[in-house]
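# Report on the structure
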Amino acid sequence: MAIKVVQRRPLSLAERTYLPQILAGLKVTWDNLRRPPVTLQYPDERPTIPQGYRGVPTLVRDPHGREKCVSCQLCEFVCPPKAIRITPGEISETAENTHVEKAPKEFEINMLRCIYCGLCQEVCPEEAIWLQSQYSMTGTSRESMVNNKARLYELGGTLPDSHYKWDKKKAEAEKQAGGHH
Amino acid sequence: MVTDNKPSLVTINVDGVEHQVAAGANLVDALAKIGKEVPHYCYHPKLPVAGNCRMCLVELGSPLRDRATNEVILENGKPKIGWQPKPAIACATNVSAGLHVRLESPTVKSCREGVTEMILLNHPLDCPICDQAGECKLQEFSAEYGRGYSRYLDEKNAKPKKTKLGPRVTLDDERCILCSRCVRFCNDIAKDPVLGFVNRGSYNTLTCFPGRELNNNYSLNTVDICPVGALTSTDFRFKMRVWFLKKTPSICTESSTGVNTTVWSREGKIYRITPRQNDAVNDTWMPDSGRELYKIVEEDNRLTSAIVKGTRTSLESALNVADAILHQGSLAIVGSGHLSVEEQFFLAQLAKRTGAKTYMPAHRGQNDGLLISEDRTPNFRGALVTGLTDRNADHDLKTLASDIEAGRVSSLLICREDVTRLGLSAAILTKVRTVVISTHADATTSAAEVVIPGLTVFERSGNFINCQFRLQSFAQAIPGPAGVLPDVMILARLAKSETTAVWKTLAEQNPVLASVAQGLISSEGIALDGSAWSHLSFCESKLLKFAPQPKA
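Thresholds, definitions, all that
Residues numbered from 1 in each chain as written. Chains lettered and ligands numbered in written order. Predicted model: local features only at pLDDT ≥ 70, side-chain atom pairs only at ≥ 80, totals over all residues. Helix = DSSP H or I, 4+ residues; strand = E, 2+ residues; numbered from the N terminus. Rg over C-alpha atoms; globule rule 2.2 N^0.38 Å. Buried ≥ 20, exposed ≤ 12 C-beta atoms within 10 Å, placed from the backbone. Contact = placed C-beta atoms within 7 Å. pLDDT = per-residue confidence, 0-100. Pairing = 2+ DSSP bridges. Axes fitted to C-alpha atoms, helices over the stretch in contact; angles between N-to-C directions. Core = buried A, V, L, I, M, F, W, Y, C linked by C-beta atoms within 7 Å. Parallel < 35°, antiparallel > 145°, perpendicular 65-115°, else oblique. Left-handed = near helix turned anticlockwise from the far one by under 90°. Nonpolar A, V, L, I, M, F, W, Y, C, P; charged D, E, K, R; others polar.

Quick look at the overall build of chain A now. Summing up its helical and strand segments, chain A has six helices and five strands in all. Expected size for 181 residues packed as a compact globule is a radius of gyration near 16 Å; at 28 Å, chain A overshoots this value by more than 25%. Of all 181 residues assigned to chain A, the portion counted as buried reaches 21%. If you take every contact in chain A between residues at least 6 apart in sequence, the share linking residues at least 24 apart comes to 72%.

Next comes the structure, spelled out in structure tokens:
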């Protein structure tokens, strides 16, 4: 293929003086000088976290204080970096929520592995795992970066529940108690 | 004249396509063989047909014939098909020539959707906590034929959620879809009729007969065949979701029946053992006692390092000491029916090199008429085929004891046997230099000079020959303890042989194994010709798929 030589357009007078460009740049500087500062003095100042932010994954309780997770292990299955590790367990016969039957014995999320993708929250059939507004995880060892069950509930707290599925199930069973006849 | 006993084939027409299937076969099985799935819950190929779930409804038809001439009526040059006015269940239909089946018609689809909606009326849909999730037929067919939401306005029935049917089986009645597979299994296979249904309509409930419990040694098969999560194993309950588990084909070591099993493990930990179908050995069943054998892997007395004179040492130095002991003078070898064919082969090589006398201790129990035989070792026949022994198993080791007392034996190699229970006391063992290869610490290992750790059946691979002279392979499911070598490598080294030469040499030595090329053993196993040993009196009596040879 032949090489085609393109002639460079000669610069105009305004371009050669460079003054319009300098003035336009100074206008940007001047405009910003008059605006209020936007820099946050982190960590003394903290940003406001928008709705739907994907922070550190946490476990939550319903407003009655019931542990929502039933250790179905779907989050462990879906987790792309394999950050979640669950040891399933059975709820004791004497517990108030014994009708739920199953709860995690241990629940670990390795925050060194977590990529904050939110698939665990999306897949959870019980709405028990939520990526909330906590975004800053620090630690001094690998072990301290693994959130165990107690820590996950401490981070998660309580979220409102729109179903109370298990409470309804219990009420139905109690209504039918004493035989079907 | 038909000389082979293969079933004759007939032509059936499925959704307009003709297929050859075995005459008289059950329609569900016949269609499964040509790759067409008929959804079903209550039908099981090894149980009598009940036909109560109605999920396998299909449309059936056959070519119409003229009543006067008995000739097939043609329509546009093709036989005219008389379709039955209503759908029929495939599980209660046997294949006959000219049968026409519709699996994809709108009627069949609406039948399946109707049945699914009906079954789901009172089903709790607690898949997140249900152990069956992932291997649940109802879950699969609901995804295919369910409507995705419920039109049912009333409250679902509440039924007992945690009934203990027996020591090993827990029942969730809400999940039960009343297919009656478990009832039929108890009645017809286990011959222990304890299950039945009480109440009527949607209150129909599976329960044990009053004063009885599901405690026979085959009770966990009801858990395997339950198409939903109603019957669950108390041992496996809430332990792990099945989709995390790796399946490894294995052979049960409980007895010489050689029950085919699947070992389910995750990250080096075994969670459960279930039967693997082999119609020549165990159909689809296995005893409960065999399912608990995985617990030996994590027992406290597992041997994890070599021991010489009571001190832990490296495997290398222990093998050097063992080598010196085995070649120092007159050697006796106590083999085991728990060794694989390959391990027995190298043990036989060692016996041949050293001129050692070999013993095969017998382990006897009761025959249960189904899948547990008298011989409680999986591979006594292997010792015959490999030439490790040529006589019946030894009930005790008194001959060996008197040989030791008389000084005719100066060193002893024991494999996987606690000889202190067989008439060789620890005091006698101190009179000879003893090498033991074993998986668990016991009185024999504590009396031995050299102890070499071995691997359990779940941690190594190999072959067993069961009481039918059927060669069956087992594969490694989980890694063994760090630093422990497979027994076959240890024995090959002690026998100064090459591990790769096993099958070539065996096939050369033994015409029985000439047909067995390594790596070509199918999942069904290979039936060997055992007639060369018919003069021996084997202890096994009748089992589910085994009958002893009549004495000539």
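Moving on, we come to the overall build of chain B. A tally of helices and strands in chain B yields 14 helices and 26 strands. With the C-alpha coordinates of chain B rotated into their principal frame, the extents come out at 90 × 60 × 40 Å. Across the 552 residues of chain B, 44% fall into the buried class. In chain B, of all internal contacts separated by at least 6 residues, the share reaching a separation of at least 24 is 66%.

Now for the environment of B:Lys109. Considering the arrangement of structural elements, one finds B:Lys109 in helix α2 (residues 106–120). Each C-alpha atom, one on B:Lys109 and one on B:Ala448, is 69 Å from the other, the two residues being 339 residues apart in sequence.

With that out of the way, let us pick up the confidence of the model for chain B. Do not read the predicted coordinates in detail wherever pLDDT is low. Per-chain confidence: chain B averages 92 in pLDDT, with 98% of residues scoring 70 or above. Across the interfaces of the predicted complex, the ipTM metric reaches 0.85, alongside a pTM of 0.90.

Now for the sheet that holds strand β15 (residues 260–266) of chain B. Hydrogen bonding along the main chain pairs the strands of a sheet, whether they run parallel or antiparallel. Residue and element names in this part refer to chain B. What the three strands build is an open sheet, ordered β14-β15-β16; its pairing is antiparallel. Of all strands in the sheet, those with a lone pairing partner are β14 (246–251) and β16 (269–275), marking the two edges. For this sheet the average axis-to-axis angle between neighbouring strands, irrespective of direction, equals 30°. Across six bridges, β15 lies against β16 in antiparallel orientation. Bridge assignment links Ser265 to a residue of β16, and that residue is Ile270.

Take helix α4 (residues 181–189) of chain B next. Residues and elements named next belong to chain B. Within α4 the residues assigned to the buried category are Arg181, Cys182, Arg184, Phe185, Cys186 and Ile189. Where α4 is buried, its residues touch β11 (195–198), α5 (220–225) and β13 (231–233). The positive-phi residue at the C-terminal boundary of α4 is Lys191, with phi of around 55°.

Residue and element names in this part refer to chain A. Within the secondary structure, Lys105 sits in strand β3 (residues 102–110). Each C-alpha atom, one on Lys105 and one on Thr87, is 5.4 Å from the other, the two residues being 18 residues apart in sequence. Contacts of Lys105, omitting those with residues within four sequence positions, involve Thr87, Pro88 and Gly89.

Our focus in this paragraph is the sheet that holds β3(A). Residues and elements named next belong to chain A. If you walk across this open sheet you meet the three strands as β2-β3-β5, and the pairing is antiparallel. Each edge of the open sheet is held by one strand with a lone partner, namely β2 (84–90) and β5 (146–147). The pairing of β2 with β3 spans seven bridges and is classified as antiparallel. From the neighbouring strand, Gly89 faces β3, where its bridge partner is Ala103.

Residue and element names in this part refer to chain B. Judged by how many residues are buried, strand β21 (residues 411–415) sits mostly within the fold: five of five residues are covered. The pairing of strand β19 (residues 331–334) with β21 spans four bridges and is classified as parallel. Of the residues in β21, the one forming a bridge with Val334 is Ile414.

With an omega dihedral of 5°, the bond running from A:Tyr42 to A:Pro43 counts as a cis peptide bond. Position of A:Pro43 among the secondary structure elements: in the loop between α2 (19–34) and β1 (57–59). Positive phi, close to 60°, is recorded for B:Asn70, a residue that is not glycine. Along the chain, B:Asn70 turns up in the loop between β3 (57–63) and β4 (74–75).

Moving on: the nonpolar core. In terms of nonpolar packing, the biggest core is built from 134 residues, with B:Cys56, B:Ile333 and B:Leu347 touching the most fellow members. When residues in this core are grouped by element, the largest group, seven residues, is from helix α8 (residues 341–354) of chain B. Filtering out sequence-adjacent residues up to four positions away, B:Cys56 remains in contact with B:Val28, B:Val38, B:Pro39, B:His40, B:Tyr43, B:Ile89, B:Ala90 and B:Cys91. Judged by nonpolar contacts, the second largest core, of 26 residues, contains A:Val60, A:Ile86, A:Cys120 and B:Ile129.

This brings us to the packing of α8(B) against helix α13 (residues 487–494) of chain B. Describing two packed helices takes the angle between their axes plus the distance from one axis to the other. Residue and element names in this part refer to chain B. Between α8 and α13, the shortest axis-to-axis distance is 8 Å and the interhelical angle comes to 15°. By the angle class used here, α8 and α13 are roughly parallel. With respect to the hand of their crossing, α8 and α13 are arranged in left-handed fashion. Here Glu342, Glu343, Phe346, Leu347 and Leu350 of α8 come into contact with α13, specifically with Asp487, Val488, Leu491, Ala492 and Leu494. Broken down by class, the residue content of the contact of α8 with α13 amounts to seven nonpolar, no polar and three charged.

Quick look at the packing of α2(B) against helix α3 (residues 137–145) of chain B now. Residues and elements named next belong to chain B. Running from N to C, α2 and α3 point in directions that differ by 130°, and their axes come no closer than 10 Å. By the angle between their axes, α2 is oblique relative to α3. Every pair of crossing elements has a handedness; the one defined by α2 and α3 is left-handed. Between α2 and α3, the residues in contact are Arg112, Glu113, Thr116, Ile119 and Leu120 and Leu138, Phe141, Ser142 and Tyr145, respectively. Tallied by class, the residues present in the contact of α2 with α3 amount to five nonpolar, two polar and two charged.

Let us look at the pairing of strand β23 (residues 450–453) of chain B. Residue and element names in this part refer to chain B. Of the two faces of β23, both are covered, the one formed by Val450 and Ile452 as well as the one formed by Val451 and Pro453. Here strand β17 (residues 306–308) runs beside β23; their pairing, made up of two bridges, is antiparallel. Paired with Ile307 across the bridge in β23 is Val451. Bridging between strand β22 (residues 433–438) and β23 involves four bridges; their strand directions are parallel. Paired with Ser438 across the bridge in β23 is Pro453.

Residue and element names in this part refer to chain B. Among the structural elements, Val58 can be located in strand β3. Overall, Val58 belongs to the buried group, with 26 C-beta atoms counted inside 10 Å. Separated by 46 residues in sequence, Val58 and Glu104 have C-alpha atoms that sit 8.7 Å apart. Once residues lying within four places of it in the same chain are set aside, the contact partners of Val58 are Val38, Pro87, Ala88, Ala90, Val101, Arg102, Leu103 and Val108.

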